[in-house]
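These are the residues of each chain, in order.
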Amino acid sequence: MKSGSLKYLTREGFRNIWVNRLMSLASVTVLMACLVIIGVGAMMYFNINSLLDIVEDQNIVMVYVDYEASDVETSQLGIDIKNLDNVKSCEFIPKEDAFQKQIEQMGVDSALFAGLDESPLPDGYRVSVDDLTLYEQTVEQIKGLNKVMNVRENSNLASKLVSMRQAVTIVSAGLVLMLFLVSLFIISNTVRITMYSRKLEINIMKAVGATNSFIRWPFFIEGILLGVISSVVSLLLLWGIYELIVYAFSSTVNMFGFGFKFVEFTDYIWYILAAFAAIGIFTGGVGSMVSMNKYLKEQRSIVNNE
């Protein structure tokens, strides 16, 4: 195809959006609805992941040091723990601080320890892991270190958190895939209806010898433009909806007091825009091409039957 013809057909694609503005509006609205639903699902996924991160950070491993360990051996144990691959953080808890905190938590019952000059508790390390799928393996490595008296951990909670994160990922991916296929199906059928409404124009082009590529290109450009428009409008609409949701439920979430905050939309805005643009351009462009090919085949069969 010559460059002059390519420019002409590209201009035709832009012009067709305005000439057939009602069908273009229908295509944009349908694709926009699907993109907004995908975006809502994505923001839910990001917030659930943020919540799971908070819960995972609280699922710590308490490592208690042997009473007979010297200061050097206690320090060396902390170094050994930090050197483990899956350890995110390791905080030393002196026995005096642990004992004082225990007394404060007991309130009036703390009088039972009034005669004690020294802390009966051992020194300890507060350890958080990086990857919960390796939680049990990391705990076993810690238990094997020198001067470890006891380890307090909750592997059942860790495994449940891992399963929950995997389930959320699978459900979110399935939702996105399903809505993507729905978008592709609807946009292709919407463009196909547009083609039938311009049946006379296409037949005239075929009658004067226009090739299939010559006919397809304006529809392809039109589909891509509709996808781009839908992605930008969907992003702005999703942003507004998300901010309304955050405004409505922030006070309710804060009542639970576990430190959870809704993620900032602006932290993911460019990722969402890129995903929306990719989905919009793909569904618009490919949907138009698929519909155009089907239409041309049907028209060829009609002509052959005649």
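Being a predicted model, the structure only gives us computed values, none of them experimental. (Residues numbered from 1 in each chain as written. Predicted model: local features only at pLDDT ≥ 70, side-chain atom pairs only at ≥ 80, totals over all residues. Heavy atoms only, no water.)

A. Spatial organisation of the overall build of the protein. Along its length, the protein carries 9 helices and 4 strands. Listing the helices and strands of the protein from first to last along the sequence gives α-α-β-α-β-α-β-α-β-α-α-α-α. Within the span of the protein, comprising 306 residues, buried residues form 37% of the whole. Across the protein, contacts joining residues at least 24 apart in sequence account for 84% of those joining residues at least 6 apart. By element, 62% of the accessible surface of the protein is carried by carbon and sulfur atoms, the whole surface being about 18,000 Å². (Helix = DSSP H or I, 4+ residues; strand = E, 2+ residues; numbered from the N terminus. Buried < 20%, exposed > 50% of the residue type's maximum accessible area, 1.4 Å probe, protein only. Contact = heavy atoms within 4.5 Å. Areas by Shrake-Rupley, 256 points an atom, 1.4 Å probe, with all protein chains shown as cover.)

B. Main features of the pairing of strand β3 (residues 124-129). Where burial is concerned, most of β3 is hidden: 5 out of the 6 residues are buried. Pairing between strand β1 (residues 61-65) and β3: 4 bridges, direction antiparallel. Pairing of methionine 62 across the sheet is with arginine 126, part of β3. Sheet topology places strand β2 (residues 87-93) next to β3; 6 bridges connect them, and they run antiparallel. Each bridged residue has a counterpart across the sheet, and for valine 87 the counterpart in β3 is valine 129. (Pairing = 2+ DSSP bridges.)

C. Looking closely at the environment of isoleucine 245. Locating isoleucine 245 in the fold gives a position in helix α8 (residues 212-256). Residues isoleucine 245 and phenylalanine 262 lie 17 residues apart in sequence; the distance between their C-alpha atoms is 9.6 Å.

D. Molecular detail of the sheet that holds strand β4 (residues 148-152). One open sheet accounts for 4 strands, arranged β2-β3-β1-β4; its pairing is antiparallel. Looking at strand neighbours, the two that pair on one side only are β2 and β4, the edges of this open sheet. Sheet twist, expressed as the mean angle between neighbouring strand axes with direction ignored, is 20°. As judged from the 4 bridges shared by β1 and β4, these two strands associate in the antiparallel manner. The residue of β4 that forms the bridge with valine 63 is valine 151. Most of the contacts of helix α3 (residues 71-82) go to β3, to which it runs at about 5°, and overall it touches β1, β2, β3 and β4. Set on the sheet, helix α5 (residues 135-143) makes contact with β1, β2, β3 and β4; between it and β4 the angle comes to about 160°. (Axes fitted to C-alpha atoms, helices over the stretch in contact; angles between N-to-C directions.)

E. Representation of α3 within the structure. In this model, α3 (12 residues) spans 17 Å end to end at C-alpha, consistent with the 16 Å of a helix rising 1.5 Å per residue. Where α3 is concerned, the buried positions are Thr74, Leu77, Gly78 and Ile81. An end-on view of α3 places all buried positions within 100° of arc, on one side of the element. Against β1, β2, β3 and β4 lie the buried residues of α3. (Expected span 1.5 Å × (residues − 1). Arc of directions from axis to C-beta.)

F. Fine view of the pairing of β1. When you tally the buried positions in β1, you get 5 out of 5 residues, the bulk of the element. The side-chain alternation of β1 yields two buried faces, one formed by Val61, Val63 and Val65 and the other by Met62 and Tyr64.

G. Main features of the packing of aromatic side chains. Under the criterion given, the structure shown has 5 aromatic pairs. Both rings, one in phenylalanine 92 and one in tyrosine 125, keep their centres 5.2 Å apart while their planes meet at 50°; by these two values the pair is tilted. Highlighted residues: phenylalanine 92 in strand β2 and tyrosine 125 in strand β3, separated in sequence by 33 residues. The class of tyrosine 125 is buried, set by a relative accessible area of 5%. For the ring pair tryptophan 239 and phenylalanine 265, a centre distance of 5.5 Å and an interplane angle of 20° mean the geometry is stacked. A residue pair is termed long-range when its members are at least 10 positions apart, and tryptophan 239 in helix α8 and phenylalanine 265 in the loop between α8 and α9 (269-305) qualify at 26 residues. (Phe/Tyr/Trp six-rings, centres within 6.5 Å; stacked < 30°, edge-to-face > 60°.)

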